[in-house]
Amino acid sequence: MCSSSVILPPSPAPFKGQPSEDTAPVLTGGRRRPYKLSERSGTALIQEGSNAMSSWGLKNRLARIIRPATGRTVMLAVDHGYFLGPTSGLESPAETIAPLAPYADTLMLTRGVLRSSVDPRVDVPIVLRVSGGTSILSELSNEGVVTTMEDAVRLNASGVALSIYVGSPYERQTLLSLAALVDDGERHGIPVLAVTAVGKDMARDARYLALACRIAAELGAHFVKTYYCDNFEHVVRTCPVPVVIAGGKKLPEKEALELAASAVRDGASGVDMGRNIFQSVNPVAMIQAVRAVVHGDATAAQAYELFKSLQRPAPRKARAKARAKR
Ligand code: R5P
């Protein structure tokens, strides 16, 4: 994966790890931070010699998702249709995913969209959403496991994801499903991502999110996805496995980049971002800007400049276009 080469226009103020102009941002070339696993975010679990995960296959798959070079990941979440139907920007999943896949460390999606809408020759790790069975029209917490681990193996998934609904009517059912899925994942060497779904009545604050993340980790989840919040350090510090953040509803690009930068600053192992990428005015530019934050330690301001510069046509192309108009 990540083999595509993109010619960048002259970039704004340099940031740590920023690649040179003639290389794709973060994907190819460019200085990377030295191999450093963050114990704070629990990424040390994948270190060689750790007993925390006994399966080589499981560690290997997790290392495909959370990049060892930075200890972080840019997951592209395109699983929204599993309960929302044709979400804006994802009406035609194939069209949305194809240009973004080269910039994603991982695609998070359902088996239906994977089979129907992703070219099997694409070299990008897959985290398969395996929980579902409800819709936006019903009680969302009443989810079950809708895809077997055997199917995940058949689909060459690098991980599986399931939502837990702590504090919701079907809390127990979703937590027991998580525990069973972890058993199954351990048997097959496939890491499990617990997604902390937040019910309508729940506050997205550090107290609640730390509770949900910690329960997920206690039940054996190998990594957890949650939301960014005030005092997010508390959520990360009290969760012994890596934590990634969802993007949530669409924000202006600058704010979405600030969200990502704050999250990694506060210990997140990256993002599992959907709408703030695929609903952007320029999704391909946006995912590259997010990568600059997550893997290049760019500030939000630097990443936003990158986003804007990627929207401008390359100078030579612009000149050719102007000439053609004359
Ligand atoms: C929701 O449960 C879905 O799993 C999405 O993957 C998740 O919400 C992340 O997407 P977004 O960044 O759009 O919130």
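Rules and cut-offs
- Residues numbered from 1 in each chain as written.
- Predicted model: local features only at pLDDT ≥ 70, side-chain atom pairs only at ≥ 80, totals over all residues.
- Heavy atoms only, no water.
- Salt bridge = Lys/Arg side-chain N within 4 Å of Asp/Glu carboxyl O.
- Helix = DSSP H or I, 4+ residues; strand = E, 2+ residues; numbered from the N terminus.
- Buried < 20%, exposed > 50% of the residue type's maximum accessible area, 1.4 Å probe, protein only.
- Near = heavy atom within 4 Å.
- Areas by Shrake-Rupley, 256 points an atom, 1.4 Å probe, with all protein chains shown as cover.
- Nonpolar A, V, L, I, M, F, W, Y, C, P; charged D, E, K, R; others polar.
- Phe/Tyr/Trp six-rings, centres within 6.5 Å; stacked < 30°, edge-to-face > 60°.
- Lys NZ or Arg CZ within 6 Å of the ring centre and 35° of its normal.
- Pairing = 2+ DSSP bridges.
- Axes fitted to C-alpha atoms, helices over the stretch in contact; angles between N-to-C directions.
- Core = buried A, V, L, I, M, F, W, Y, C linked by side-chain atoms within 4.5 Å.
- Contact = heavy atoms within 4.5 Å.
- Polar contact = N/O pair within 3.5 Å; in protein donor to acceptor, adjacent residues only side chain to side chain.

> An account of the pattern of salt bridges is needed here, citing residue identities and associated values.
Here the idea is simple: oppositely charged side chains can pair when their charged atoms come close. One pass over the structure, following the stated rule, counts 16 salt bridges. Ionic pairing is found between Asp 79 and Arg 129, a salt bridge with its closest N-O pair at 2.6 Å. In this pair, Asp 79 sits in the loop between strand E1 (73–77) and helix H2 (81–84) while Arg 129 sits in strand E3 (residues 126–129), placing the two residues 50 residues apart along the sequence. Assessed through its relative accessible area of 5%, Asp 79 is described here as buried. With a shortest N-O distance of 3.1 Å, Lys 308 and Glu 305 are connected by a salt bridge. Of this pair, Lys 308 and Glu 305 both sit in helix H12 (residues 300–311), separated by three residues, roughly a single helical turn. Given a relative accessible area of 32%, Glu 305 falls into the partly exposed group. Ionic contacts of the salt-bridge type, sharing partners, join the residues Arg 111, Arg 115, Asp 151 and Arg 154 into one network.

> Go over the site of the ligand, please, and point to the residues and values.
Asp 79, His 80, Lys 225, Gly 274 and Arg 275 are the nearest of the 13 residues found near the ligand. Here the ligand loses 94% of its free accessible area of 350 Å² to cover by the protein chains. Residue composition of the shell around the ligand, by class: four nonpolar, four polar and five charged.

> I'd like to hear about unusual backbone geometry, residue by residue, with values.
In this structure, Asn 231 is a non-glycine residue whose phi angle is positive, near 60°. Along the polypeptide, Asn 231 turns up in the loop between strand E8 (223–226) and helix H8 (232–237). Look at Asn 231 and you get partly exposed, because its relative accessible area is 46%. Phi angles above zero are rare outside glycine, and Asp 297 is one such case at about 55°. You can call Asp 297 partly exposed: its relative accessible area is 24%.

> Explain the packing of aromatic side chains residue by residue, including any values.
Counted under the stated rule, the structure contains three aromatic pairs. Both rings, one in Tyr 82 and one in Phe 83, keep their centres 4.9 Å apart while their planes meet at 70°; by these two values the pair is edge-to-face. Taking the relative accessible area as the measure of exposure, Phe 83 reaches 22% and is therefore partly exposed. Ring centres of Tyr 228 and Phe 232 lie 5.1 Å apart, and the angle between their planes is 50°; this geometry places the pair in the tilted category. A residue is classified by how much of its surface remains accessible, and Phe 232, at 0% relative accessible area, is buried. Seen from the ring of Tyr 227, Arg 204 lies directly overhead, with NZ or CZ sitting 3.8 Å from the centre.

> Go over the sheet that holds strand E7 (residues 192–196) with me, naming the residues and quoting the values.
Ordered in space as E1-E2-E3-E6-E7-E8-E9-E10, the eight strands form a closed barrel in which the pairing is parallel. On average, adjacent strands in this sheet sit at an angle of 25° to one another, irrespective of strand direction. For strand E6 (residues 159–164) and E7, the ladder comprises five bridges, and the chain directions are parallel. From the neighbouring strand, Val 160 faces E7, where its bridge partner is Val 192.

> An account of the environment of Gly 185 is needed here, citing residue identities and associated values.
Along the polypeptide, Gly 185 turns up in helix H6 (residues 171–188). Given the relative accessible area of 0%, Gly 185 is considered buried.

> Please provide a residue-by-residue account of the nonpolar core, values included.
Core analysis: the biggest nonpolar cluster contains 80 residues, and Leu 107, Leu 109, Leu 128, Val 160, Leu 178 and Val 290 have the highest contact counts within it. With residues near it in sequence (within four places) discarded, Leu 178 still touches Leu 162, Ile 164, Val 192, Ala 194, Ala 216, Leu 219 and Ala 221. Grouped together as the second largest cluster of nonpolar side chains are 12 residues, Leu 62, Met 108, Ala 161 and Phe 223 included.

> I'd like to hear about the side chain of Thr 70, residue by residue, with values.
Topologically, Thr 70 is positioned in the loop between helix H1 (56–65) and E1. Only 3.2 Å separates the side chain of Thr 70 from the backbone nitrogen of Arg 72, close enough to count as a polar contact.

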